[in-house]
Amino acid sequence: MKLPIVLCEGIGDSLFILSLIPHQRLAQLGIRFEVYYDSPLHPSSPYWFVYRLLKELIAKLPHLELMETPPTPSIRRRYQILQRLFRRRYIYVNSQRSARWEGRIWHGLQGVLGVRPYYAIAVAPKTPLPPTSKHRLLIHTHLDGAPFKRWKMESWIEVIQALLTGSNADKIEVWVLEWNAEAIHVLRQRMPQIMWLKEYAADFGELVALTASMDLFVGVDSWTKYVAAWNCIPSVIIIPSHLENAHCGRLEALTCVDWLFNGIFKHPLMKVIGIEIRGDKVEYSLDSMDQLSPVTVIEQIEKLHLLAGSSNPQATSKTQSVTE
C-alpha cells in the first residue's frame, strides 16, 4: 500500500510537512509513501536546490520514494485526507461542530497510534561526531538565508567569542552550521576553535542526522528548529518579524502559530526570541534582526546550559522520544 505526501517550497516547510504524518511508524505496518514536490522544478528555480537536498534526505528513508513528476489534483486530494487525519484538531478549525468532530478522531488516534503533535524524522549518521565530554552547542548562523533573517556577522562573532571565553567555555564545544562559504571562512579565521558541521556531512540527510546529535542549539528561524524540537534538544530560536516579507504573508495573522512552528512554542526545552504569547494573542516582538542584542542571545544560551544540567542531556531529555 502506498500513500502520497506532497511537499512544497523551502526546506523547513518540507520537513514540517514530513513531520505531520507518522510515516516511519506506519512503515512498520508495511505502508510505503510516494513523496511529491509541488514547487517549480527547473535548474534556474530557487526550489531546485531545495529539491536536491530533499532527495538526499529521502534516499536515506527506504519507506519513502521521491517522485519526479508533480502531484495531480487526485494525489493532492488524497494527501489532504491523510493530513487531516493526523493533524492537531485546532488547526484551521472554523466551527465548533468540526472542532468536536476532529477532536473525537484526535483522541481516538492517540490510543491507537500514539499520535503526537509532530513526528521525528530519524536518520542515523554514517559516521558519528568525534566523542567529547563537553556539551555540543550548534549555532546555525543562517547568513545564507532570507535577508530579513540575517543577523550581522559581528553580532554572531560576539556571541560565539563570549561562549569560547566565558565561565562555561570548558563545558561547551561550539559547532557552526553555515552554507555561505565566505561567511564560514571569516568565522573560522576569527575563531579557529569552532567546529564546522558541514565538514562532517556528506549530504543533507547526514546533516539532519548530525544536527540531531547536538546537545544544545541556537539558530534563526529555519529548518534546524524542527530537528532540534524532534530530538528534545534545548534550544534558543530567534524569529524576526515576517510582516514585511511578502513571501511569508501567510504568517501575518499568526492565528495558527503553534501549528506553523510545529508545537515549538509549547515545548519546555525551547526558548523563543521574537514571539510573545499573551493569552490567546500572539505577536511579533522583534521587528528586525538589527534590534537583537548579542547580550540577549548569550543570556538565553546560559539558561539553556543550566537547563541541560551537569550530565549530558542526550542521556536524559532525549530519552523521552517523540517518535513513539
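For the structure itself, consult the block above.
**Student:** So what's going on with the nonpolar core? Residues and values would help.
**Tutor:** If you look at the biggest cluster of nonpolar residues, it comprises 61 residues, and the most contacted ones within it are Ile 5, Leu 7, Leu 15, Ile 21, Phe 33, Phe 204 and Trp 223. Of the residues forming this core, the biggest block, seven residues, is contributed by helix α3 (residues 46-58). Grouped together as the second largest cluster of nonpolar side chains are 31 residues, Ile 157, Val 218, Ile 238 and Leu 286 included.

**Student:** Talk me through the packing of aromatic side chains; I want residue IDs and the actual numbers.
**Tutor:** Applying the stated criterion to the full structure yields nine aromatic pairs. The interplanar angle of 70° and the centroid separation of 4.9 Å between the aromatic rings of Phe 204 and Trp 223 together place this pair among those described as edge-to-face. In this pair, Phe 204 sits in helix α8 (residues 204-212) while Trp 223 sits in the loop between β7 (216-220) and α9 (224-230), placing the two residues 19 residues apart along the sequence. Both residues of the pair, Phe 204 and Trp 223, belong to the buried class.

**Student:** Kindly report on the sheet that holds strand β9 (residues 270-273), identifying the contributing residues and their values.
**Tutor:** Here we have six strands laid out as an open sheet, ordered β6-β5-β4-β7-β8-β9, and parallel in their pairing. Here the strands that pair on one side only, and so sit at the sheet edges, are β6 (195-196) and β9. The pairing of strand β5 (residues 172-177) with β6 spans two bridges and is classified as parallel. Residue pairing in the sheet places Trp 175 in a bridge with Met 195 of β6.

**Student:** Can you lay out the pairing of β7 for me, pointing to particular residues and giving the numbers?
**Tutor:** Here β7 lies mainly inside the structure; five of its five residues are buried. Of the strand pairs in this sheet, strand β4 (residues 135-140) and β7 are connected by four bridges, and their pairing is parallel. Its bridge partner being in β7, Ile 139 is matched across the sheet by Val 218. The pairing of β7 with strand β8 (residues 235-238) spans four bridges and is parallel. Residue Gly 219 lies in a different strand from β8, and its bridge partner there is Ile 237.

**Student:** Requested: an account of unusual backbone geometry, with residues and values cited.
**Tutor:** A positive phi angle, near 55°, is found at Glu 9, a position not held by glycine. By secondary structure assignment, the location of Glu 9 is in the loop between β1 (2-7) and α1 (11-18). The backbone phi angle of Cys 232 is positive, close to 55°, even though this residue is not glycine. Within the secondary structure, Cys 232 is located in the loop between α9 and β8. On the basis of relative accessible area, Cys 232 is assigned to the buried category, the value being 7%.

Reading guide: rules and limits
- Residues numbered from 1 in each chain as written.
- Predicted model: local features only at pLDDT ≥ 70, side-chain atom pairs only at ≥ 80, totals over all residues.
- Heavy atoms only, no water.
- Core = buried A, V, L, I, M, F, W, Y, C linked by side-chain atoms within 4.5 Å.
- Buried < 20%, exposed > 50% of the residue type's maximum accessible area, 1.4 Å probe, protein only.
- Helix = DSSP H or I, 4+ residues; strand = E, 2+ residues; numbered from the N terminus.
- Phe/Tyr/Trp six-rings, centres within 6.5 Å; stacked < 30°, edge-to-face > 60°.
- Pairing = 2+ DSSP bridges.

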